[in-house]
Every structure is written in C-alpha cells, then in structure tokens.
Amino acid sequence: MRLLRFCVAAFLGTASLGQAATLNESDIAGGFGSSFNSPTVIGSDVTTVTGTVSAADFDFLHFTSLSAGAQTLTFNFNLADPNGLSGFQNGGGSVRIKETAPGWAYDGNPLNPAGGNDFDLSFDPFNVAGAVVSQTLSYSLGAGYAGGDLYVSILPTFASQAFSFGVIVPGNSASVDPSPVPVPAAGLLLIGALGGMAALRRRKTAPLLA
C-alpha cells in the first residue's frame, strides 16, 4: 500500500508540472523593469504577463525560455478606469520586440511596420460609437526563430490615466509535450495496475488455512 500511495502521489505531482502560469506586475515589488538595460526576467512556463502603464511609464520584459520555430505573441490593451468609462480617456504608444538585448528603449521591431502608434485607445462620452476601449494585436515569429531569448518593450507615449496590458506568449511554456497522453486515462490505468499488484501481493503473503 505504501508503494501504491507513493506512485499515485508521484503521478499527480508530475501531472501538475508544466502548467502555464500568469505573472502580474503586482506580484513583483516595484513592478516591472522600467529601463531597457534592466528588464524583468520572465522564466519558463510563464505564458501570460499582465500589468498597467501610464504616460512615459515604460515596462521592459525579457522572456528566456521560448521554444524555437514559428509562433504568435498576443498583446491586449485596455482602458482601466475602476469607476467606469464616464469621461474622456485615452492611451497609446508603441511596442518593440527584439531577439537580442535592445540598445535603447525603442530598439526592436514594432507591431505596426507602417509606422505610427502600435496601440491607440480612446473614449469620448459624446461619441461612444467611435470609442476604442480595448485592442488585441499580434506579432509572429518566423520558422527560423532560434528560441530562447525575446525582449518585449511596452512604451506608452500618452495616457490620460493608467491602463492595462497583457502579453500572451504560449511558446514560453518549456514543458509542453507535443504528444501528451490524456491525464485522466493514464491516471486510471496507473492506479488500476498498482491496485492489482497490491492485491496480488496480499494473496501471496496471506497465511494458509488448515
């Protein structure tokens, strides 16, 4: 029975490994790195990063464990008024992405290759139909991407108040198994097999009756 309990615990522990995690800026004392030469390092299995920024409040991130090959990063930007959208609000700026350490704040590839702001949010209570209170943008890494490091810079240039952002990087999950075995089925088979072994052992060790 000890063997059975140990193996089940080990299996359940293994099954919980590699689950994708979310890192929020509030989890870090002082927030994300505010300088291009001292970005916040994001380790493996953190696939979603969320935070808040305001005008000239830059956030610099350094992902260290991306898988190689083609993949897509997703960026979300949202006006974040805790009192609701009732007055004029705006926020916008740029994003830069680079595979090597940036040499300055705006060093890297933009989300918008045509130039201008990469994201641009606004709310006008007198023109609600024209409001843009959230944006979802993407950036694709090609098949030749070597994996490992990726630097992401969030660079707001104007904002009436703080607004929120999110970066989704599925490729930063280092423990993804390309051919996973369904956990419930594998678990039942393992537990059943170990249970049968335990029952057989009890039969072999049971005293013979006269």
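Given the structure is predicted, the values throughout are model-derived calculations rather than measurements. (Residues numbered from 1 in each chain as written. Predicted model: local features only at pLDDT ≥ 70, side-chain atom pairs only at ≥ 80, totals over all residues. Heavy atoms only, no water.)

Asks: Residues and numbers for the overall build of the protein chain, please.
Replies: Across its full length, the protein chain carries two helices and 11 strands. Listing the helices and strands of the protein chain from first to last along the sequence gives α-β-β-β-β-β-β-β-β-β-β-β-α. Summed over all atoms, the accessible surface of the protein chain reaches about 11,700 Å², with 60% contributed by carbon and sulfur. (Helix = DSSP H or I, 4+ residues; strand = E, 2+ residues; numbered from the N terminus. Areas by Shrake-Rupley, 256 points an atom, 1.4 Å probe, with all protein chains shown as cover.)

Asks: Please give an account of the pattern of salt bridges that cites residues and values.
Replies: With the rule as written, the count across this model stands at two salt bridges. Note that Arg96 and Asp118 form a salt bridge whose closest N and O atoms lie 3.3 Å from each other. Taken together, the positions of Arg96 in strand β6 (residues 89-98) and Asp118 in the loop between β7 (109-110) and β8 (119-123) put the pair 22 residues apart, joining distant regions of the chain. Residues Arg96 and Asp118 agree in their burial class; the two are buried. For the salt bridge of Lys98 with Asp107, the shortest nitrogen-to-oxygen distance reads 3.8 Å. (Salt bridge = Lys/Arg side-chain N within 4 Å of Asp/Glu carboxyl O. Buried < 20%, exposed > 50% of the residue type's maximum accessible area, 1.4 Å probe, protein only.)

Asks: Provide a residue-level description of the environment of Ser86, including the pertinent values.
Replies: Structurally, Ser86 is set in the loop between β5 (71-79) and β6. Every residue in contact with Ser86, bar those within four places of it in the chain, is listed here: Phe123 and Pro125. (Contact = heavy atoms within 4.5 Å.)

Asks: Give me the environment of Phe119: which residues, what numbers.
Replies: Assignment of secondary structure puts Phe119 in strand β8. For the pair Phe119 and Gln135, spaced 16 residues apart in the sequence, the C-alpha separation amounts to 7.1 Å. Here Phe119 is in contact with Phe77, Gly91, Gly92, Gly93, Ser94, Val95, Gln135, Leu137, Pro156 and Phe163, once residues within four sequence places are set aside.

Asks: Lay out the environment of Ile168 in plain terms, naming residues and giving numbers.
Replies: On the secondary structure map, Ile168 appears in strand β11 (residues 163-168). On the basis of relative accessibility, which here comes to 30%, the residue Ile168 falls in the partly exposed class. In this structure the C-alpha to C-alpha distance between Ile168 and Thr48, which are 120 residues apart in sequence, comes to 4.5 Å. Each residue touching Ile168, except ones within four places of it in the same chain, is listed here: Thr47, Thr48, Thr72, Leu73, Thr74 and Asn76.

Asks: Hey, could you go over the side chain of Gln71 for me, with residue numbers and the actual values?
Replies: Along the chain, Gln71 falls in strand β5. Here Gly69 takes part through its backbone oxygen, which lies 3.2 Å from a polar atom of the side chain of Gln71. What Gln71 contacts, discounting residues up to four positions off in sequence, is Leu66, Tyr139, Ser140, Leu141, Tyr145 and Gly171. (Polar contact = N/O pair within 3.5 Å; in protein donor to acceptor, adjacent residues only side chain to side chain.)

Asks: Could you give an account of the confidence of the model for the protein chain, with specific residues and numbers?
Replies: The predicted model of the protein chain averages 81 in pLDDT, with 70% of residues at 70 or higher. Note that residues 2-18 has pLDDT below 50 and, in this model, 14 contacts with residues that lie over four places away or in other chains. Confidence over residues 175-181 falls short of pLDDT 50; this stretch has three contacts with residues more than four positions distant or in other chains. (pLDDT = per-residue confidence, 0-100.)

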